[in-house]
Amino acid sequence: MSVILKTDKLRVEYRSRELGQAVKVALNGLDLEVSTGEVFGFLGPNGAGKTTTINCLLGFVQPTSGAASLFGIDVRQPIARQRIGYLPEMTYYYKFLTGEELLRFYASIFALTGAEADKRIDQTLKLVELDAARKRLIKTYSKGMQQRVGLAQALINNPDLLILDEPTSGLDPLGRMKVRDIIQRLKNEGKTVFFSSHELGEVETVCDRVAIIAEGSLKAAGRVQEIMRGHPTLEKAFLNIIGYQADKN
Amino acid sequence: MRNVLAIAKVVLLEMYRRKEFYVLFILTIVICLIMGSINIFNDNQIIRYLKDLCLLLIWVSSLIIAITMTARQIPAEREQRTLLPLLAKPLSRNQLIFGKFLGCWIVCGLALICFYAFFGALAASREHQWPLLHYLQAAFLHWMVLGVVVAMSLLGSLVFAAPSSNSTIIFAICAAIMCVGRYLDQIAAPMHEPARSIVYFIYYAIPHLEIPFGMRNLIVHDWPIIGWNFVFLDALYLLAYLVFFLIAAGLIFRRRAIN
Amino acid sequence: MTSGKTLWLWLLAFFLLCFNLATVLQPRFQAIEKTNRQSNNFFVLLLGDSSRIFANDFFIKADVYYHSGYYPTIFDNKSAFETPHIAEDTGAVASHNHGEETDFMGPPRDWLDAFGRHFIPNRHTHLDEGGPTDDLSKSSQVREILPWLDLSSKLDPENVKTYLVMAYWLRNKLNQVSAAEQVLHEGLRYNQGNPQLLFELGRIYEEDYHEPDRARSIWEAALRMWGQEQPGVPLSERLKPSNENFDDWFIFDQLQQHLAHLEKEAGNYDAAIAHLRQAQRVSSKPEDLQKQIDELEKEASRH
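These lines cover the structure that appears in this document, whether it is placed above or below. (Residues numbered from 1 in each chain as written. Chains lettered and ligands numbered in written order. Predicted model: local features only at pLDDT ≥ 70, side-chain atom pairs only at ≥ 80, totals over all residues. Heavy atoms only, no water.)

1. Here's the deal with the overall build of chain C
Working step 1: A count of helices and strands for chain C gives 15 helices and zero strands.
Working step 2: For chain C, the spread of C-alpha atoms along the three principal axes comes to 105 × 60 × 40 Å.
Working step 3: Counting all 303 residues of chain C, 46% fall into the buried class.
Working step 4: A sequence separation of at least 24 residues applies to 53% of the contacts in chain C between residues at least 6 apart.
Working step 5: Taken as a whole, chain C presents about 16,400 Å² of accessible surface, with 55% of it coming from carbon and sulfur. (Helix = DSSP H or I, 4+ residues; strand = E, 2+ residues; numbered from the N terminus. Buried < 20%, exposed > 50% of the residue type's maximum accessible area, 1.4 Å probe, protein only. Contact = heavy atoms within 4.5 Å. Areas by Shrake-Rupley, 256 points an atom, 1.4 Å probe, with all protein chains shown as cover.)

2. Remarks on the packing of aromatic side chains
Residues and elements named next belong to chain B.
Working step 1: The tally for this structure, following the rule as stated, stands at 39 aromatic pairs over all chains.
Working step 2: Aromatic rings pair up to connect Phe-21, Tyr-22, Phe-25, Phe-115 and Phe-118 into one cluster.
Working step 3: The ring centre of Phe-253 lies 5.5 Å from the NZ or CZ of Arg-93, which sits over that ring.
Working step 4: Geometry around Phe-213 places Arg-216 over its ring, the cationic atom sitting 4.2 Å from the centre. (Phe/Tyr/Trp six-rings, centres within 6.5 Å; stacked < 30°, edge-to-face > 60°. Lys NZ or Arg CZ within 6 Å of the ring centre and 35° of its normal.)

3. Considering the pairing of strand β8 (residues 192-197) of chain A
Residues and elements named next belong to chain A.
Working step 1: Counted residue by residue, β8 has six buried out of six residues, so it is predominantly covered.
Working step 2: Where strand β3 (residues 39-43) lies against β8, five bridges are found, and the strand directions are parallel. What sits directly across from Gly-41, in β8, is Phe-195.
Working step 3: Strand direction decides the pairing type here: strand β7 (residues 161-165) and β8, joined by five bridges, are parallel. Paired with Leu-162 across the two strands is Val-193, which belongs to β8.
Working step 4: Considered for its hand, the β-α-β crossover made up of β7, helix α5 (residues 173-188) and β8 is right-handed. (Pairing = 2+ DSSP bridges. Right-handed = clockwise from strand over helix to strand, strands pointing away.)

4. Details of the sheet that holds β8 of chain A
The strands that make up a sheet are held in pairs by hydrogen bonds between backbone atoms, and each pair lies either parallel or antiparallel.
Residue and element names in this part refer to chain A.
Working step 1: If you walk across this open sheet you meet the six strands as β6-β7-β8-β3-β9-β10, and the pairing is mixed. If you trace the sheet from one side to the other, it starts and ends with β6 (84-87) and β10 (217-223), each paired once. Neighbour-to-neighbour, the strand axes of the sheet open up by a mean angle of 15 degrees, direction not taken into account.
Working step 2: Sheet analysis places strand β9 (residues 209-214) next to β10, joined by six bridges and oriented antiparallel. Counterpart to Val-210 in the pairing with β10 is Gly-222.
Working step 3: Relative to β6, helix α4 (residues 143-155) is tilted by about 165 degrees, and along the sheet it contacts β6 and β7. (Axes fitted to C-alpha atoms, helices over the stretch in contact; angles between N-to-C directions.)

5. Here's the deal with the interface of chain B and chain A
Working step 1: In this assembly, 28 residues from chain B lie in contact with 32 residues from chain A.
Working step 2: Approximately 2,600 Å² of surface area, both sides summed, lies buried where chain B meets chain A, with 63% of it carried by carbon and sulfur atoms.
Working step 3: Counting the surface chain B buries against chain A, the share from its top three residues, Arg-17, Lys-89 and Pro-90 of chain B, is 22%.
Working step 4: Our count for the contact surface shared by chain B and chain A stands at one salt bridge. (Buried area = accessible area lost by both parts, 1.4 Å probe. Salt bridge = Lys/Arg side-chain N within 4 Å of Asp/Glu carboxyl O.)

6. Notes on the packing of helix α13 (residues 246-266) of chain C against helix α14 (residues 269-280) of chain C
Each pair of packed helices can be summarised by the angle the axes make with each other and by the distance between the axes.
Residues and elements named next belong to chain C.
Working step 1: Two numbers describe how α13 lies on α14: the axes approach to 8 Å, and their chain directions differ by 165 degrees. Of the possible angle classes, the one that applies to α13 and α14 is roughly antiparallel. For the crossing formed where α13 meets α14, the hand is left-handed. Residues Phe-252, Asp-253, Gln-256, Gln-257, Leu-259, Ala-260, Glu-263 and Lys-264 of α13 form the contact with α14, whose own contacting residues are Tyr-269, Ala-271, Ala-272, His-275, Leu-276, Gln-278 and Ala-279.
Working step 2: Here the residues of the contact of α13 with α14 are counted per class, giving eight nonpolar, four polar and three charged. (Parallel < 35°, antiparallel > 145°, perpendicular 65-115°, else oblique. Left-handed = near helix turned anticlockwise from the far one by under 90°. Nonpolar A, V, L, I, M, F, W, Y, C, P; charged D, E, K, R; others polar.)

7. A word on the pattern of salt bridges
Working step 1: The full count for this structure, using the stated rule, is 39 salt bridges over all chains.
Working step 2: A salt bridge links Glu-20 of chain B to Arg-72 of chain B; its shortest N-O distance comes to 2.9 Å. Of the two residues, Glu-20 of chain B sits in helix α2 (residues 20-36) while Arg-72 of chain B sits in helix α3 (residues 48-79), which places them 52 residues apart along the sequence.
Working step 3: For Arg-72 of chain B, a relative accessible area of 13% corresponds to the buried category.
Working step 4: Notably, a salt bridge pairs Arg-52 of chain C with Glu-158 of chain C, separated by 3.2 Å at the nearest N-O pair. Placement of the pair is Arg-52 of chain C in helix α4 (residues 51-66) and Glu-158 of chain C in the loop between α7 (146-155) and α8 (160-173), with a sequence separation of 106 residues.
Working step 5: What makes Arg-52 of chain C partly exposed here is its relative accessible area of 38%.

8. As for the sheet that holds strand β1 (residues 3-14) of chain A
All names here are of chain A.
Working step 1: Read across the sheet, four strands follow the order β2-β1-β4-β5 without closing on themselves; strand pairing throughout is antiparallel. Since the sheet does not close on itself, it has two edges, and those belong to β2 (24-35) and β5 (73-74), each with one partner.
Working step 2: Of the pairings in the sheet, the one linking β1 to β2 comprises nine bridges and is antiparallel in character. Directly across from Leu-5, in β2, lies its bridge partner Val-34.
Working step 3: Contacts from helix α1 (residues 50-57) reach β1, β2 and β4 (65-70) within the one sheet, and its direction differs from that of β1 by about 115 degrees.

9. Quick notes on helix α10 (residues 210-220) of chain B
Each full turn of the α-helix corresponds to 3.6 residues, which orients residues three or four apart in the same direction.
All names here are of chain B.
Working step 1: The buried fraction of α10 amounts to 10 of the 11 residues, a majority that puts the element mostly inside the structure.
Working step 2: All buried positions along α10 are accounted for by Glu-210, Ile-211, Pro-212, Phe-213, Gly-214, Met-215, Arg-216, Leu-218, Ile-219 and Val-220.
Working step 3: In the segment just after α10, Asp-222 is the residue with positive phi, at about 55 degrees.

10. Let's talk about the pairing of β9 of chain A
Residue and element names in this part refer to chain A.
Working step 1: β9 sits mainly inside the fold: six of its six residues count as buried.
Working step 2: Of the two faces of β9, the one lined by Arg-209, Ala-211 and Ile-213 and the one lined by Val-210, Ile-212 and Ala-214 are each fully buried.
Working step 3: Sheet topology places β3 next to β9; four bridges connect them, and they run parallel. When the sheet's bridge partners are listed, Leu-43 is paired in β9 with Ile-212.
Working step 4: Hairpin connection of β9 to β10: two residues between the antiparallel strands, including Glu-215 at a positive phi of 50 degrees.

11. Here we look at the interface of chain B and chain C
Working step 1: Contact residues are listed per partner, giving 35 residues for chain B and 39 residues for chain C.
Working step 2: For the chain B and chain C pair, buried surface summed over both sides reaches about 3,300 Å², with 64% attributable to carbon and sulfur atoms.
Working step 3: Between Arg-143 of chain C and Asp-43 of chain B there is a salt bridge; the shortest N-O distance is 2.9 Å.
Working step 4: Run the count over chain B and chain C and you get 15 residue pairs in polar contact (both at pLDDT 80 or more).
Working step 5: If you list the elements that add at least two residues to the side of chain B that touches chain C, you get α3, α8 (184-188), α9 (195-205), α10 and α11 (228-254) of chain B.
Working step 6: Among the elements that line the side of chain B that touches chain C, the one with the most residues is α10 of chain B, at six residues.
Working step 7: Considering only residue class, the side of chain B that touches chain C consists of 22 nonpolar, six polar and seven charged. (Polar contact = N/O pair within 3.5 Å; in protein donor to acceptor, adjacent residues only side chain to side chain.)

12. Some points on unusual backbone geometry
Working step 1: Note the cis peptide between Glu-193 of chain B and Pro-194 of chain B, where omega equals 0 degrees.
Working step 2: Examined against the element boundaries, Pro-194 of chain B turns out to sit in the loop between α8 and α9.
Working step 3: With phi around 65 degrees, Ala-111 of chain A is a residue other than glycine that occupies positive phi space.
Working step 4: With respect to the helices, strands and loops of the structure, Ala-111 of chain A is situated in the loop between α2 (99-109) and α3 (114-127).
Working step 5: With relative accessibility at 36%, the residue Ala-111 of chain A sits in the partly exposed group.
Working step 6: The phi dihedral of Asn-175 of chain C falls on the positive side, at around 55 degrees, and the residue is not glycine.
Working step 7: Structurally, Asn-175 of chain C is set in the loop between α8 and α9 (177-190).

Right, here's the structure in full:
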């Protein structure tokens, strides 16, 4: 198995715009490696640096120091994103487009045109169960449908690596189950999935390996069973690793 | 280029499905028709006041369309977080900027075709002639001006947080250039230093959008056509500013954190 | 939670309140705006006194159109355009123009200015001479100044000059005599008994309709009205020819000379001589008028 996602001593600092405010360290020397075919859960409390890590991996934020690569290509090169799919947390898509038009637009960025694009659009819309609503404007979609069209755009290029930021956030139980099913199906197809989540139960069921970060630093990484060793649930293990002690509160 | 065109196409679709252009176009038609229906001494050949009004409305409407449409492009993408999945694709930020620019500029061009076609029909209804080359010169330079305005607005949208403040500032700058841009050197002459040097610098630094704007009078008053060499020289001059603003926008956006 | 019925009741209550307020306030506003109410002009009612500023702008705009857009801005040398040429050409207003009409911009200041001049009207032309195309068959293009004059007169209906200029161009260059007459009547509606308007109206009756009796009665009325104007000012002061009171003495001169002509045509030589003697008081060439008087006296003695 080859490493397709890697961060090397990744450090991100945010300078405050207010005078007298100190520099905020969002990531502090993060080292991560994700291999082909893995479903990798990226866990951490709010403000731990999960989204910043993903933003670095996608080139949205420039690291202060360190490096990140996808498929061995520096993330600053747009070509590094050719074989990935990305679903951001809580994103709204162009409301003036239909679901099909949105996918066609993203497909064209991946140089998918004509029959090839049509085929991929059909496949992804069926996968996310939006085939019936493909001609409707996105502004008429429910929240769950919007999340699924988001997943469809992430899959339009048949990516080898899927980066999902809180994919089930804000969804009802049925919506969560559908997203979980899709991740499972992708796993079965041999795709690599890297996703951040608060839903530890979900992580426990679908992930091969997990990494836990807190305050910008990696606290633990390994197979789910290894992380859970000595703890009855992943939640207990997680709380223990991030240093949370219930009796203090 | 494929990516640029894909972005431009989405901008086109957005404008096609939004109401601004239709509202402004219909408003222009309605105002012109109302003014045209006024009886002035039973002389139905009087046309220049109508051409003047129509061209002014076209300029104002096109500036509103260009500025408001462009000013919201990047901020709306950020606010609605559509920028994230977009930039997660193999698309460079320069391609995004250029695609947005191209889309907005094409929309302006299409809007101008509609506006000038109406203008031509209005003028022909009373003058019974189609000075197409005149209209072509005017519309072409008008489009070049809008190109500069679109590039300026795009740059402004990266500097100013809110589209409303960006639109207001760009509109004020355009209006100021069109009204007094040509006379800034005369305004500077009696000033004391350093104000004098500053105003002189502004005079030479700003894009002189008032040059094509002044062509309105040539069209309204049936002056002979201008030499095409002057038209192309002016287009080249405006193109230089357009590229300058686009490069500046690209440089600002290049290292801007998206989150 | 407020029910729908309650909301409707509130809406009705507010409507009644607004209606009652309107009935109370309306008479008060009418009293305040009594002066404005005297005009039934929509623009004047809407804009109040500020309409005069726009009226002047539109009057200038008519002159800009007369020059096909070739016109100085506030940054150029305007000395040759102090009095709009459309007014100057009527001969009814005093001219304050001096200097070069054709080169108010001066030589190009720099390359930008030189380049920009290719994109603006750059020759002094007049619409009644064919405009920028120099095609004299199109000289009727002077009609293009009319919308602005019309608008100017509506915005400032008390400005007599606008009606005079409009009537001049309609009658003399566009051959629209009845429209010119209508304009003058409109002017008289807002400026009752104005001697200048009456004089122009009389000219239409005499020169176009060939009704000398009607023209005479109008001009005599104009003279009477002229006498009633400026009650405190001595006649000698009013008849002192100068640029400042041009309108005053010039119209007196014109009325007297035109009435003299009418009386002469009607064979009333004594009356004609009397009018010419009055005209001599303001004329810059009294000796020419004296010659006419001498000829009339000869004619009178022959009869």
